[in-house]
Amino acid sequence: QHPPRLWLLENVVGFETSETRKRLLAALSTHKGWCVAEFHLCPTQFGIPNSRPRYYFLARRSAACGIWVDASVALETGASCQVSVPDLEAVEPVQLSTVLQSTEDLAAE
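Conventions and cut-offs
Residues numbered from 1 in each chain as written. Predicted model: local features only at pLDDT ≥ 70, side-chain atom pairs only at ≥ 80, totals over all residues. Heavy atoms only, no water. Helix = DSSP H or I, 4+ residues; strand = E, 2+ residues; numbered from the N terminus. Buried < 20%, exposed > 50% of the residue type's maximum accessible area, 1.4 Å probe, protein only. Contact = heavy atoms within 4.5 Å. Areas by Shrake-Rupley, 256 points an atom, 1.4 Å probe, with all protein chains shown as cover. Core = buried A, V, L, I, M, F, W, Y, C linked by side-chain atoms within 4.5 Å. Pairing = 2+ DSSP bridges.

### Focus: the overall build of the protein chain
Link 1 in the chain: A count of helical and extended segments in the protein chain gives three helices and four strands.
Link 2 in the chain: Along the chain direction, N to C, the helices and strands of the protein chain fall in the order β-α-β-β-β-α-α.
Link 3 in the chain: Sorting the 109 residues of the protein chain into buried and exposed places 28% on the buried side.
Link 4 in the chain: When contacts within the protein chain are restricted to residue pairs at least 6 apart in sequence, those whose partners lie at least 24 apart make up 72%.
Link 5 in the chain: Of the roughly 7000 Å² that the protein chain leaves accessible, carbon and sulfur atoms contribute 57%.

### As for the nonpolar core
Link 1 in the chain: Residues Phe15, Leu24, Leu25, Leu28, Trp34, Val36, Tyr55, Phe57, Ala59, Ala71 and Ala74 constitute the largest nonpolar core, which totals 11 residues.
Link 2 in the chain: For this core, the elements supplying multiple residues, two or more each, are α1 (19-29), β2 (34-41), β3 (54-61) and α2 (71-77).
Link 3 in the chain: With seven residues, the next largest nonpolar core counts Ala37, Phe39, Leu41 and Trp68 among its residues.

### Notes on the pairing of β2
Link 1 in the chain: Within β2, eight of the eight residues are buried, leaving the element largely enclosed by the surrounding structure.
Link 2 in the chain: In the sheet, β2 pairs with β3 via eight bridges, with the strands oriented antiparallel. Bridge pairing links Phe39 to Tyr56 in β3.
Link 3 in the chain: As defined by bridge partners, β2 adjoins strand β4 (residues 69-70) across two bridges and the pair is classed as antiparallel. Bridge pairing in β4 places Cys35 opposite Asp70.

Now the structure itself:
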């Protein structure tokens, strides 16, 4: 009756090419208004000395996707991670807030 407005899934790098990811996108695509963002992130990007790259899948219900991708488009095009970490040692730390939405923005939706 009350589906979630946000999803967060964390998994191993490589999940973005899995059949399970395709099923998840297919399920979200059956409902209008789901936008997704996918990332490869590693603790070293945030100044934590632990090299453990991970895959993150974020989904939210929204009328406008902005920098996010509509779930059906991601499924049809095979669009994958927006941020990758090809050389972990060369990556400068970034603020997590630059890739996440504020709670004030979420409340406004």
